[in-house]
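# Coordinate analysis (summary)
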Amino acid sequence: MELKGSRTIAADRATVWAALNDPEVLKACIPGCQELTGAPEEGFEAVVKQKVGPVKATFKGQVELSNVEPMESYTISGEGKGGVAGFAKGAADVALADAEDGGTELTYDVEAKVGGKLAQLGSRLIHGFATKMADQFFENFKDEVEGAGAKADAGEEE
């Protein structure tokens, strides 16, 4: 299944790029993320707890960055195993561009796959869940970056 979208973030490209590579920011933005360790260069280990329809699962897996073009784009991909619930894997191509209003335009193109019990839930439910997760992540990311920028600005004024 594929999902595409974009967000305009009220921050410069360097700030957005730094946040996209910050494990603490990513952990705060991934819905249900309980643990995220590692670094952009070596990859991350993640633990994410989610409920998809009637199926609750804790997914453990790896997240890695590839096709890295600093300040421009990268591909973030991961795979998690949720025991009897099955597995989820996906990748997102994330690109940054200067927005007309002076902020940064972040666009994403996500491809996701599920297997096991999750795959039996039906494509409509899975697609709705995946869309919600992607929207929630990028909305959380926008709020996190814009909030961090506002906090930094407030700190400078004191």
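For the structure given in this document, a descriptive report is provided here. On a predicted model such as this, the values are computed, not experimentally measured, just so you know.

Moving on: the pattern of salt bridges. Counted by the stated rule, this structure contains eight salt bridges. Where Glu-72 meets Arg-13, a salt bridge forms, and the shortest distance between an N and an O atom there is 3.1 Å. Linking Glu-72 in the loop between strand E4 (55-69) and strand E5 (73-81) with Arg-13 in helix H1 (residues 13-20), this pair joins segments that are 59 residues apart in sequence. What makes Arg-13 buried here is its relative accessible area of 18%.

Here we come to unusual backbone geometry. Non-glycine residue Asn-67 carries a positive phi angle of around 50 degrees. Its place among the elements puts Asn-67 in strand E4. A relative accessible area of 57% means that Asn-67 is categorised as exposed.

Applying the stated rule across the entire model yields four aromatic pairs. Arranged with centres 5.5 Å apart and planes meeting at 55 degrees, the rings of Trp-17 and Tyr-74 form a pair that is tilted. Highlighted residues: Trp-17 in helix H1 and Tyr-74 in strand E5, separated in sequence by 57 residues. Taking the relative accessible area as the measure of exposure, Trp-17 reaches 12% and is therefore buried. For the ring pair Phe-137 and Phe-138, a centre distance of 4.9 Å and an interplane angle of 85 degrees mean the geometry is edge-to-face. Like Phe-137, the residue Phe-138 is buried in the burial classification. One aromatic cluster is present, built from ring pairs that chain together Tyr-108, Phe-137, Phe-138 and Phe-141.

This paragraph deals with the environment of Gly-115. As for its placement among the helices and strands, Gly-115 is situated in strand E7 (residues 104-115). For the pair Gly-115 and Gly-82, spaced 33 residues apart in the sequence, the C-alpha separation amounts to 9.9 Å. For Gly-115, the residues in contact, after removing those within four places along its chain, are Ala-85, Gly-86 and Phe-87.

Hydrogen bonds between backbone groups are what pair the strands of a sheet, and the pairing can be parallel or antiparallel. The seven strands lie next to each other as E1-E7-E6-E5-E4-E3-E2, forming an open sheet whose pairing is antiparallel. Strands at the two margins of the open sheet, each flanked by one partner only, are strand E1 (2-9) and strand E2 (33-39). Neighbour-to-neighbour, the strand axes of this sheet turn through a mean angle of 20 degrees, independent of strand direction. Relative to strand E3 (residues 43-52), E2 runs antiparallel, the two being bridged by six bridges. Directly across from Gly-38, in E3, lies its bridge partner Phe-44. H1 contacts E1, E4, E5, strand E6 (87-98) and E7 of the sheet and is inclined by roughly 165 degrees relative to E6.

Conventions used here
Residue positions are given per chain, counted from 1 along the sequence in the order it is written. Residue-level local features of this predicted model are given only where pLDDT is at least 70; pairs of side-chain atoms are given and counted only at 80 or more, and the full residue set underlies all totals for whole chains, interfaces and linings. Only heavy atoms go into the side-chain values, all of them from the structure, while hydrogens and water stay out. For salt bridges, the criterion is a side-chain nitrogen of Lys or Arg within 4 Å of an Asp or Glu carboxyl oxygen. Comment: elements are numbered from the N terminus, with helices defined as DSSP H or I runs of at least four residues and strands as E runs of at least two. Exposed residues in this analysis have more than 50% of their type's maximum accessible area, buried residues have under 20%, and partly exposed residues fall in between, with area computed by a 1.4 Å probe over protein chains only. Pairing of aromatic side chains requires ring centres within 6.5 Å, counting the rings of Phe and Tyr and the six-membered ring of Trp. Pairs whose planes differ by under 30 degrees are stacked, by over 60 edge-to-face, and all others tilted. Any pair of residues with heavy atoms lying within 4.5 Å of one another is described as a contacting pair. For two strands to be treated as a pair, DSSP must find at least two bridges joining them. Whenever a helix is involved, its axis is fitted only over the stretch in contact; in every case the axis is a line through C-alpha atoms, and angles between N-to-C directions fall within 0 to 180 degrees.

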